[in-house]
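Observations on the model geometry
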Amino acid sequence: SDTIWKDGIWTPRQAVEILERRGRDPVVLEVRDDKVVATTGTELVGRVRAIVTTLRDAGVGVGDAVVLHAPNGVNWIAAGMGCGRNGAVMAPIDD
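First things first, this report covers the structure right here in the doc. (Residues numbered from 1 in each chain as written. Predicted model: local features only at pLDDT ≥ 70, side-chain atom pairs only at ≥ 80, totals over all residues. Heavy atoms only, no water.)

1. Notes on the overall build of the chain
- Helices and strands together make up the secondary structure of the chain, namely 4 helices and 4 strands.
- Against the compact-globule benchmark of 12 Å for 95 residues, the chain has a radius of gyration of 14 Å, which places it among compact chains.
- Summarising its shape, the C-alpha atoms of the chain cover approximately 35 × 35 × 25 Å along the three principal directions.
- Expressed as a percentage of the 95 residues in the chain, the buried residues total 31%.
- Taking as baseline every contact in the chain between residues at least 6 positions apart, the subset at least 24 positions apart corresponds to 56%.
- For the chain, the accessible surface area stands at approximately 6,500 Å², while carbon and sulfur atoms represent 53% of it.
- Here the chain holds 11 positive side-chain charges and 13 negative ones, and the gap between their average locations is 7 Å. (Helix = DSSP H or I, 4+ residues; strand = E, 2+ residues; numbered from the N terminus. Rg over C-alpha atoms; globule rule 2.2 N^0.38 Å. Buried < 20%, exposed > 50% of the residue type's maximum accessible area, 1.4 Å probe, protein only. Contact = heavy atoms within 4.5 Å. Areas by Shrake-Rupley, 256 points an atom, 1.4 Å probe, with all protein chains shown as cover. Lys, Arg positive; Asp, Glu negative; His and termini not counted. Charge placed at Lys NZ, Arg CZ, Asp CG, Glu CD.)

Structural data, given as structure tokens:
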């Protein structure tokens, strides 16, 4: 069983592995335009990997700060996980 639900603490790599195992199961629910939209584990992992690639291509490395200004939602989650996988530090900015 996944320790994510029991312990609530995991490395970015462990989180991605857990999401991969969730596959087509919904892992994030968000409301967009008055509709509930589900994102699967596979979809979220794809977004995380795309962000990791974008950060690396931009020269962002371990210990670099990445400012995130975005509404709460699946993209915010993916950005945070992508920063963690890349070793970057996310600096969220609120409105």
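Don't stop here, the text continues.
2. Remarks on the pairing of strand β2 (residues 35–40)
- Here 6 bridges tie strand β1 (residues 26–32) to β2, and the two strands are oriented antiparallel to one another. Bridging across to β2, L29 finds its partner in A38.
- Hairpin connection from β1 to β2: 2 residues lie between these consecutive antiparallel strands, with D33 at a positive phi of about 50 degrees. (Pairing = 2+ DSSP bridges.)

3. Quick notes on the nonpolar core
- Counting 11 residues, the largest nonpolar core consists of A15, V16, L19, V28, L44, V45, V48, V52, V74, A78 and M81.
- Sorting the residues of this core by element identifies α2 (12–22), α3 (41–57) and α4 (74–86) as the ones contributing at least two each.
- For this core, the leading source of residues is α3, giving 4 residues.
- With 5 residues, the next largest nonpolar core counts L55, V60, C83 and A88 among its residues. (Core = buried A, V, L, I, M, F, W, Y, C linked by side-chain atoms within 4.5 Å.)

4. Re the packing of α2 against α3
- At their nearest, the axes of α2 and α3 sit 7 Å apart, and the two run at 145 degrees to each other. Contacts from V16, L19, E20 and R22 in α2 reach G41, T42, L44, V45, V48 and R49 in α3.
- For the contact of α2 with α3, the per-class residue count stands at 5 nonpolar, 2 polar and 3 charged. (Axes fitted to C-alpha atoms, helices over the stretch in contact; angles between N-to-C directions. Nonpolar A, V, L, I, M, F, W, Y, C, P; charged D, E, K, R; others polar.)

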